[in-house]
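An overview of the molecular structure
For reference, the chains in residue letters:
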Amino acid sequence: MAQDAGTLKGLQKIDIAMYEATKAVEAFDPRFEAVDEPALRLESDANALEKRLEEVKAEERRLARAAEDKRARARMLEERLRSVRNLREEAAVHAEQDLLRRALEADEREAYGLLDQLRGGEKDLTALKEALEEANAELEPKRQALIEERDQARADLERLAGERDAYAASVPEQALTVYERIKSGGRRVVVADLTDDGACGHCFSLVPLQTQHEVRSGVELLRCEGCGVILGQPTEEEKAAAEAAAAEAAEAAAAEAAEAAAAASEAAAADEPAAEDAENADEPEDAGDSDESGDIDVADEPAPEVDETAEGDETDGDEEDRTPGEA
């Protein structure tokens, strides 16, 4: 059963490769849309303008028919005017002729406007078609490259499908049945190895010790109670590959950390001259200058006030202490 689990892991690798190949084939649709977008936009604009021109032409034909009917009506009124019998009938015919003439003039003005729209629209349509041809000629190499890539992706998918059929034929029927039943539920991961600490390699829930022992001994196919995948154990080649990948990742992380430390050291070394310049700029230019150094100039100090009363008392005392002879 351990061999069956290993065989199922091989089948799972092919299924994952087929899933990726299917996604790659499906990813070509938006890529084709992105390449064709400029040409499709021009084509859409050209189709819309062409439709608008058809509507304008239809309106112009309607106006032409209406104008022709009005002209025919005007000729009838001219004939009728010759046969009027009184002034009242003549006035009525003249009034109708005036109305008809104004309506005919309005139709003709509108028809001339439509003709101007047609001429301008046809010029724009010609320019759009020329731009569309240029865009198609420019985008054709890109389309061909995408078509070749898509054909190659489809060929890879067909090749993987053939490999899967051949590989599935070598899987024991019982194990294949369990695998297909789990996979039919929409799972991409059907088989997962036990980790070194006895956890499921898919959901990382801890597997009971008895189940771990049975999985490692290969007694039967067992499933994880947490996520339901088939539990297996890694081969020596897989362990070696995992250790090599871990070592490579550790080396890459160490190299990245060393680069970050070197960059930080360079940044710190570049900041030191700027910091020294800032400190020198903060120091006073003349240390002896009392105004800038903060020392008090004695000459600028105010003279102490003298108490005249106290000074007088001291003078009197000195006179009293003198002897008559000194006096």
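One can find the structure itself at the top, above this paragraph.
Now for a look at the structure at hand.

Some details on the overall build of the protein chain
Helices and strands together make up the secondary structure of the protein chain, namely eight helices and three strands. N-terminal to C-terminal, the α/β element order of the protein chain is α-α-α-α-β-α-β-β-α-α-α. The buried share of the protein chain, reckoned over its 327 residues, is 24%. Restricting to contacts in the protein chain with at least 6 residues of sequence separation, those with at least 24 account for 68%. Per element, the accessible surface of the protein chain, about 23,000 Å² overall, is 51% carbon and sulfur.

Some words on a negative patch on the surface
A cluster of acidic residues, Glu-130, Glu-133, Glu-134 and Glu-138, forms a negative patch on the protein surface. Take Glu-133: it is sitting in helix H3 (residues 87-169).

Some details on the sheet that holds strand E1 (residues 191-193)
Strand pairing in a sheet is mediated by backbone hydrogen bonds. Such pairs are either parallel or antiparallel. If you trace the three strands from one edge of the open sheet to the other, you get E1-E3-E2, paired in mixed fashion. Two strands lie at the open edges of the sheet, namely E1 and strand E2 (222-223), each paired on one side alone. As defined by bridge partners, E1 adjoins strand E3 (residues 230-232) across three bridges and the pair is classed as parallel. Looking at the pairing, Asp-193 lines up with Gly-232 of E3.

A short note on the layout of surface pockets
Quantified by volume, the largest pocket comes out at close to 200 Å³. Elements represented by at least two residues in the lining of the largest pocket include exactly helix H1 (2-26) and helix H6 (236-282). Element by element, the count of residues in the lining of the largest pocket is highest for H1, at four residues. Residue composition of the lining of the largest pocket, by class: four nonpolar, two polar and six charged.

Quick word on the state of the cysteines
Going through the model one piece at a time under the given rule, you end up with zero disulfides. Unpaired in this structure, Cys-200 has its nearest cysteine sulfur neighbour in Cys-227, at a distance of 3.7 Å. Overall, Cys-200 belongs to the buried group, its relative accessible area being 0%. You can see Cys-224 has no disulfide; the closest cysteine sulfur is in Cys-203, sitting 3.6 Å from it. Classification of Cys-224 as buried rests on a relative accessible area of 6%.

Re helix H5 (residues 209-217)
Thr-211, Gln-212 and Val-215 are the residues of H5 that are buried. For H5, the angular spread of buried residues about the axis comes to 100°, placing them on one side. Across H5 from its buried face, at more than 90 degrees, point the exposed residues Leu-209, Gln-210 and His-213. Those residues of H5 that are buried are in contact with E2 and E3. One or two positions beyond H5, positive phi appears at Gly-218, with a value near 70°.

Thoughts on the environment of Asp-165
In this fold, Asp-165 is placed in helix H3. Separated by 154 residues in the primary sequence, Asp-165 and Leu-11 have C-alpha atoms spaced 9.6 Å apart.

Some details on the pattern of salt bridges
Using the criterion set out here, one finds 20 salt bridges in the structure. Between Arg-41 and Glu-37 there is a salt bridge, and its shortest N-O distance comes to 3.9 Å. On the criterion of helical spacing, the pair formed by Arg-41 and Glu-37 is a turn pair, its members being four residues apart in helix H2 (residues 28-82). Residue class for Glu-37 comes out partly exposed when judged on its relative accessible area of 46%. Of the charged contacts, one joins Arg-101 and Asp-98 as a salt bridge, the two residues approaching to 2.7 Å between their closest N and O atoms. You can see Arg-101 and its partner Asp-98 sitting in helix H3, three residues apart, about one turn around the helix. Linked through salt bridges whose partners overlap, the residues forming this network are Asp-15, Arg-164 and Glu-180.

Digging into unusual backbone geometry
For Phe-204, which is not glycine, the phi dihedral falls at a positive 60°. Positionally, Phe-204 belongs in the loop between E1 and H5.

Criteria and cut-off values
- Residues numbered from 1 in each chain as written.
- Predicted model: local features only at pLDDT ≥ 70, side-chain atom pairs only at ≥ 80, totals over all residues.
- Heavy atoms only, no water.
- Helix = DSSP H or I, 4+ residues; strand = E, 2+ residues; numbered from the N terminus.
- Buried < 20%, exposed > 50% of the residue type's maximum accessible area, 1.4 Å probe, protein only.
- Contact = heavy atoms within 4.5 Å.
- Areas by Shrake-Rupley, 256 points an atom, 1.4 Å probe, with all protein chains shown as cover.
- Patch = residues over 30% accessible without salt bridge, like charges linked within 9 Å, V, L, I, M, F, W, Y side chains within 5 Å.
- Salt bridge = Lys/Arg side-chain N within 4 Å of Asp/Glu carboxyl O.
- Lys, Arg positive; Asp, Glu negative; His and termini not counted.
- Charge placed at Lys NZ, Arg CZ, Asp CG, Glu CD.
- Pairing = 2+ DSSP bridges.
- 1 Å grid on protein atoms, 1.4 Å probe; cavity = no way out; pocket = protein on both sides within 12 Å on 5 of 7 lines; lining within 4 Å.
- Points joined across faces, edges and corners; volume = space filled by probe spheres on them.
- Nonpolar A, V, L, I, M, F, W, Y, C, P; charged D, E, K, R; others polar.
- Disulfide = S-S within 2.5 Å.
- Arc of directions from axis to C-beta.

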